[in-house]
Amino acid sequence: MQHNWKRTLVTGGAGFLGSHLCDRLLAEGHDVLCVDNFYTGTKENIRKLLGHPCFELMRHDVTFPLYVEVDEIYNLACPASPIHYQFDPVQTTKTSVHGAINVLGLAKRVKARVLQASTSEVYGDPTVHPQTEDYWGHVNPLGIRACYDEGKRCAETLFFDYHRQHHLKIKVARIFNTYGPRMHPNDGRVVSNFIMQALRDEPITVYGEGRQTRSFCYVDDMIDGFLRLMESPDNFTGPVNLGNPTEFSILELAEMVIRLIGAKSKIVFKPLPQDDPMQRQPDITLAGEALQWKPKVPLEEGLMRTIDYFREISK
Ligand SMILES: NC(=O)c1ccc[n+]([C@@H]2O[C@H](COP(=O)([O-])OP(=O)(O)OC[C@H]3O[C@@H](n4cnc5c(N)ncnc54)[C@H](O)[C@@H]3O)[C@@H](O)[C@H]2O)c1
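Summarised in this report is the structure supplied together with it. (Residues numbered from 1 in each chain as written. Predicted model: local features only at pLDDT ≥ 70, side-chain atom pairs only at ≥ 80, totals over all residues. Heavy atoms only, no water.)

1. Things to note about helix 4 (residues 146–166)
For step 1, the next point in the chain: End to end, helix 4 covers 28 Å across 21 residues, agreeing with the expected 30 Å (1.5 Å per residue, within 8%).
For step 2, the next point in the chain: Where helix 4 is concerned, the buried positions are A146, C147, Y148, D149, G151, K152, A155, E156, L158, F159, F160 and Y162.
For step 3, the next point in the chain: Check the buried side of helix 4 and you find it contacts helix 2 (82–85), helix 3 (89–110), strand 5 (113–119) and strand 6 (170–175).
For step 4, the next point in the chain: The first or second residue beyond helix 4 is H167, which carries a positive phi of 60°. (Helix = DSSP H or I, 4+ residues; strand = E, 2+ residues; numbered from the N terminus. Expected span 1.5 Å × (residues − 1). Buried < 20%, exposed > 50% of the residue type's maximum accessible area, 1.4 Å probe, protein only. Contact = heavy atoms within 4.5 Å.)

Following this line, the structure appears as structure tokens:
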């Protein structure tokens, strides 16, 4: 019988992106195995899925091998914000590198398709703008962000070597800043920081002069990109940029958040941290051509949904 039903493993499934991915896969009728060690993810993120007949949760650290039977793997396990990944940098590198080796080994054994949640951080502090996938990046291998950036770069290397050497069906997504409900309220990322500060009418902290730019992709758009990438033809491996190319300066973001919340917050300026990129913007031409994907949710609308979530959890 022909059907689209699949047993899908989501590593990091209790995290921000992972929990939205689990929601969406279940809604599409798949069986979902969510694996997480709850390093930054929470049961709260997936609480409403726990009784679902097609959902299974396993506490497991991806730095150890995993023996399960699945058809597809989304490898999202990895702390994603500097506060979390710099807390235990050795574990961060292990999660990216050993985690990749373990999921690739699993994919090889069960002949599963495997998608890697890579990152725009593989471009480091880019010298080209916007970044296309053929740009090799400008990363400081010794800096405090290197555990994440180089870990993710090495994971990409492993994915492509397993593809060449063992003919694995791989997909590599380079994810740019994504935001939405279930982001960590205290992870130091700019969107959650600004919203939390504004909800409390506290001063909003902007690093440097706030002229550094970021592009912000709403979570539903990102998940849509993941699914399209997973379903793309076998000969399309990526890497492919997924993100929203509309650039905003950090100062513009701060002003928008204050306006949407109606906060009394003032903006205060602090020195730029080490290795903080000045510009970050995806070129998503490839995603448009290969996946017919582009983000749809405008920043204001996505911010409103995110603000509603933060209001709710701060009650
Ligand atoms: N959110 C973004 O803007 C963004 C941008 C670029 C890349 N990414 C990538 O997407 C993925 C998901 O990011 P997120 O924003 O949802 O972060 P998150 O921290 O909310 O999710 C990561 C999840 O992985 C789990 N985890 C961490 N180490 C683990 C381990 N050793 N074993 C098992 N589980 C482990 C955490 O507990 C958490 O649930 C990450 O790989 C991240 O690098 C995210």
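And the narrative resumes.
2. A few points about empty space enclosed by the protein
For step 1, the next point in the chain: Considering all chains together, one arrives at 1 cavity of 30 Å³ or more under this definition.
For step 2, the next point in the chain: By volume, the largest cavity amounts to about 30 Å³.
For step 3, the next point in the chain: Looking at the lining of the largest cavity, its residues break down into 5 nonpolar, 2 polar and no charged. (1 Å grid on protein atoms, 1.4 Å probe; cavity = no way out; pocket = protein on both sides within 12 Å on 5 of 7 lines; lining within 4 Å. Points joined across faces, edges and corners; volume = space filled by probe spheres on them. Nonpolar A, V, L, I, M, F, W, Y, C, P; charged D, E, K, R; others polar.)

3. Some remarks on the packing of aromatic side chains
For step 1, the next point in the chain: Scanning all chains against the criterion turns up 5 aromatic pairs.
For step 2, the next point in the chain: Each ring, one from Y123 and one from F176, has its centre 6.1 Å from the other, and the planes form 40°; the classification is tilted. Of this pair, Y123 sits in the loop between strand 5 and helix 4 while F176 sits in the loop between strand 6 and strand 7 (178–179), and the two are 53 residues apart along the sequence.
For step 3, the next point in the chain: Taken together, a centroid distance of 5.4 Å and an interplanar angle of 70° make the contact between Y309 and F310 edge-to-face. (Phe/Tyr/Trp six-rings, centres within 6.5 Å; stacked < 30°, edge-to-face > 60°.)

4. Section: the side chain of Q212
For step 1, the next point in the chain: You can see Q212 is positioned in the loop between strand 8 (204–207) and strand 9 (213–215).
For step 2, the next point in the chain: Among the polar contacts listed, one links the side chain of Q212 to the backbone nitrogen of G210, at a separation of 3.4 Å. (Polar contact = N/O pair within 3.5 Å; in protein donor to acceptor, adjacent residues only side chain to side chain.)

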